[in-house]
Amino acid sequence: MKKEMDVANVDEAILKRVKGWAPYVDAKLGFRNHWYPVMFSKEIDEGEPKTLKLLGENLLVNRIDGKLYCLKDRCLHRGVQLSVKVECKTKSTITCWYHAWTYRWEDGVLCDILTNPTSAQIGRQKLKTYPVQEAKGCVFIYLGDGDPPPLARDTPPNFLDDDMEILGKNQIIKSNWRLAVENGFDPSHIYIHKDSILVKDNDLALPLGFAPGGDRKQQTRVVDDDVVGRKGVYDLIGEHGVPVFEGTIGGEVVREGAYGEKIVANDISIWLPGVLKVNPFPNPDMMQFEWYVPIDENTHYYFQTLGKPCANDEERKNYEQEFESKWKPMALEGFNNDDIWAREAMVDFYADDKGWVNEMLFEVDEAIVAWRKLASEHNQGIQTQAHVSG
Ligand code: FES
Ligand code: FE2
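Each value, and the rule that gives it
Residues numbered from 1 in each chain as written. Chains lettered and ligands numbered in written order. Predicted model: local features only at pLDDT ≥ 70, side-chain atom pairs only at ≥ 80, totals over all residues. Heavy atoms only, no water. Helix = DSSP H or I, 4+ residues; strand = E, 2+ residues; numbered from the N terminus. Rg over C-alpha atoms; globule rule 2.2 N^0.38 Å. Contact = heavy atoms within 4.5 Å. Areas by Shrake-Rupley, 256 points an atom, 1.4 Å probe, with all protein chains shown as cover. Expected span 1.5 Å × (residues − 1). Bend = angle between axes of the 7 residues up to and from the residue. Polar contact = N/O pair within 3.5 Å; in protein donor to acceptor, adjacent residues only side chain to side chain. 1 Å grid on protein atoms, 1.4 Å probe; cavity = no way out; pocket = protein on both sides within 12 Å on 5 of 7 lines; lining within 4 Å. Points joined across faces, edges and corners; volume = space filled by probe spheres on them. Nonpolar A, V, L, I, M, F, W, Y, C, P; charged D, E, K, R; others polar. Donors = N, O, S within 2.8 Å, 3.2 Å for Na, K, Ca; no water. Tetrahedral: all angles 85-135°; square planar, octahedral: opposite > 155°, others 65-115°. Buried < 20%, exposed > 50% of the residue type's maximum accessible area, 1.4 Å probe, protein only. Pairing = 2+ DSSP bridges. Axes fitted to C-alpha atoms, helices over the stretch in contact; angles between N-to-C directions.

Engineer: Tell me what's going on with the overall build of the protein, and back it up with residues and numbers.
Structural biologist: When you go through the protein residue by residue, the secondary structure sums to nine helices and 23 strands. In summary, the protein has a C-alpha radius of gyration of 23 Å against a globular reference of 21 Å for 390 residues, a match within 12%. Referenced to the eigenvectors of the C-alpha coordinate spread, the extents of the protein come out at roughly 85 × 60 × 35 Å. Of all intrachain contacts in the protein linking residues separated by at least 6 positions in sequence, the fraction that spans at least 24 positions is 61%. Taken as a whole, the protein presents about 17,800 Å² of accessible surface, with 49% of it coming from carbon and sulfur.

Right, dumping it as structure tokens:
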């Protein structure tokens, strides 16, 4: 069922032009009721709360006896952020620095007020909490309401495989999260990677782009019947299109692709709530999984991970060394830094939403449109300013 009815914040004229994916245009702040990775497990220590923003909401995360908890970072009394000055008087609570309302990390209940121990508010009020789960060394928050679904629903196939060793990097990028998804899943954007150090030094085969095959329906495969509830789109242009290795202008070759030995990225897919899987990449025995996590309307976490199946501790150790010395600098930085500046370069055009109608897509962008439609149809809710301030 299409969720056109949910669209609340987009200009009528724009809505008319983006039929079929209007909820996506409305989802500036992302989709609510999904799991998002926000940091790596090693970044949060026992009893040392961390502050962050997710889908516009300020949050606090703390580790208590090894387990992670997440509270909305806004005191119920006068709305200040508790993180302005963190005061944890006991292991299981946080006290507001202003008038000492004190909340339990576990369930957000206002359990005491140091400045007025007889207040009738005590035990009656509750700060919003969000479920937190750790997997593969990553911290995921369920930014939603009610009981969360299994994490598998919001992670791509293979990410949670038992033998999959995951390592990565997280950084804040100044663009809306949708521009990041669309850069990552864009079939013809590989052109920007043509001079990457990864392509040369790792001997990759990389065309300049693809000429699509005849039937546009063959360019993508939508997955909406996955057993764990995942919703995603596969880009099949590599299978049905023709790779372009010689770029010509007026018949004269002006640029060639990379004719390396290693074939990568045969299998590219994008999944709700906004996570790309590239298999294999950046080497034939590895996979890349990367999330574009909305922080607010103008910024996202670029949460990059590389997975490699490892059979034992020795393989895991070797992979860790290889990751630090080779894959992180060459792939997550060298190669993906191109993606970052490309996203930032799109910001102005899409800033007022008119870009969604003024853009002029071409044949290979079919994959991007398929993603917009899938996201519009299968998201679990659109995050709004009312959620942020509510
Ligand atoms: Fe937090 Fe008053 S604003 S206790
Ligand atoms: Fe890219």
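Following the structure, the description resumes.
Engineer: Quick one: what's the story with helix H6 (residues 313–350), residue by residue and with numbers?
Structural biologist: Taking 1.5 Å per residue, 38 residues should reach 56 Å; H6 reaches only 47 Å between its end C-alpha atoms and comes up short. Where H6 bends most, at Trp-327, the angle is about 60°, and the proline Pro-329 comes one to four residues later. The N-cap of H6, judged by a side-chain oxygen 3.2 Å from the amide nitrogen of Glu-314 a few residues on, is Asn-312.

Engineer: Describe the layout of surface pockets, naming the residues involved and giving the relevant values.
Structural biologist: Take a probe with the size of a water molecule and roll it over the atoms, and the empty space left behind shows itself. In this structure, the largest pocket encloses a volume near 600 Å³. Contributing to the lining of the largest pocket are 32 residues, with Ile-190, Phe-210, Val-264, Ala-265 and Ile-268 lying nearest its centre. Those elements giving two or more residues to the lining of the largest pocket turn out to be helix H3 (177–185), strand S12 (205–206), helix H5 (237–240), strand S20 (267–271), strand S21 (275–279), strand S22 (287–294) and H6. In terms of residue class, the lining of the largest pocket is built from 19 nonpolar, seven polar and six charged. Computed from the structure, the second largest pocket encloses a volume of approximately 320 Å³. In terms of lining, the second largest pocket is formed by 17 residues, of which the most central are Arg-216, Glu-366, Val-369, Ala-370 and Lys-373. When residues of the lining of the second largest pocket are traced back to their parent elements, those giving at least two are strand S14 (220–223) and helix H8 (366–378). With seven residues, the single largest contributor to the lining of the second largest pocket is H8. Tallied by class, the residues present in the lining of the second largest pocket amount to six nonpolar, four polar and seven charged.

Engineer: Describe the coordination of the iron ion (ligand 2), listing the residues and the values that go with them.
Structural biologist: Ideal geometry at a metal gives 109.5 degrees between four tetrahedral donors and either 90 or 180 degrees between six octahedral ones. Protein coordination at the iron ion (ligand 2) comes from His-189 (NE2), His-193 (NE2), Asp-339 (OD) and Asp-339 (OD), with a distance range of 2.1 to 2.7 Å. One can describe the donor arrangement at the iron ion (ligand 2) as irregular, given that its four donor atoms subtend angles of 52 to 145° at the metal. Every donor residue of the iron ion (ligand 2) comes from the same chain, spaced as H-x3-H-x145-D. Taken together, the positions of His-193 in the loop between H3 and helix H4 (197–201) and Asp-339 in helix H6 put the pair 146 residues apart, joining distant regions of the chain. Of the two residues, His-193 and Asp-339, both sit in the buried class.

Engineer: Give me the sheet that holds strand S8 (residues 129–130): which residues, what numbers.
Structural biologist: Within a sheet, adjacent strands bond to each other through the backbone by hydrogen bonds, running parallel or antiparallel. Across the sheet, four strands lie side by side as S2-S3-S4-S8; this open sheet has antiparallel pairing. This sheet does not close on itself; its edge strands, each paired only once, are strand S2 (50–54) and S8. Relative to S8, strand S4 (residues 67–72) is paired through two bridges, and the arrangement is antiparallel. Of the residues in S8, the one forming a bridge with Cys-70 is Tyr-130.

Engineer: Quick rundown of the sheet that holds S20? Include the residues and the values.
Structural biologist: One open sheet accounts for seven strands, arranged S11-S23-S22-S21-S20-S15-S14; its pairing is antiparallel. The open sheet has two edge strands with one neighbour each: strand S11 (164–173) and S14. On average, adjacent strands in this sheet sit at an angle of 15° to one another, irrespective of strand direction. Pairing of S22 with strand S23 (residues 300–309), which is carried by eight bridges, proceeds in the antiparallel orientation.

Engineer: If you had to explain H8 to someone new, which residues and values would you point to?
Structural biologist: An ideal rise of 1.5 Å per residue puts 18 Å on 13 residues; H8 measures up with 18 Å between its terminal C-alpha atoms. Across the 13 residues of H8, eleven count as buried, placing the element largely inside the fold. Among the residues of H8, Glu-366, Ala-367, Ile-368, Val-369, Ala-370, Trp-371, Arg-372, Leu-374, Ala-375, Ser-376 and His-378 are the ones counted as buried. Residues of H8 that are buried sit in contact with helix H2 (22–26), H3, S14, strand S15 (232–235), S20 and helix H7 (355–358).

Engineer: So what about the pairing of S4? Which residues, and what values?
Structural biologist: Counting buried positions over the six residues of S4 gives five, a clear majority of the element. Relative to S4, strand S3 (residues 57–64) is paired through six bridges, and the arrangement is antiparallel. Note that in S4 the partner of Leu-60 across the bridge is Leu-71. Where S3 folds back onto S4 in an antiparallel hairpin, the turn is made up of two residues, including Asp-65, whose phi is positive at roughly 50°.

Engineer: With reference to specific residues and values, describe unusual backbone geometry.
Structural biologist: In this chain, Leu-272 is followed by Pro-273 through a cis amide linkage whose omega measures 10°. When you line up the elements, Pro-273 lands in the loop between S20 and S21. That bond from Asn-279 to Pro-280 is cis: its omega, -10°, falls within 30 degrees of zero. For Asp-65, which is not glycine, the phi dihedral falls at a positive 50°. For Asp-65, the location among the structural elements is in the loop between S3 and S4. Positive phi, normally seen in glycine, also occurs at Asp-353, with a value near 75°. Topologically, Asp-353 is positioned in the loop between H6 and H7.

None of the figures reported here should be taken as evidence of function without further support.
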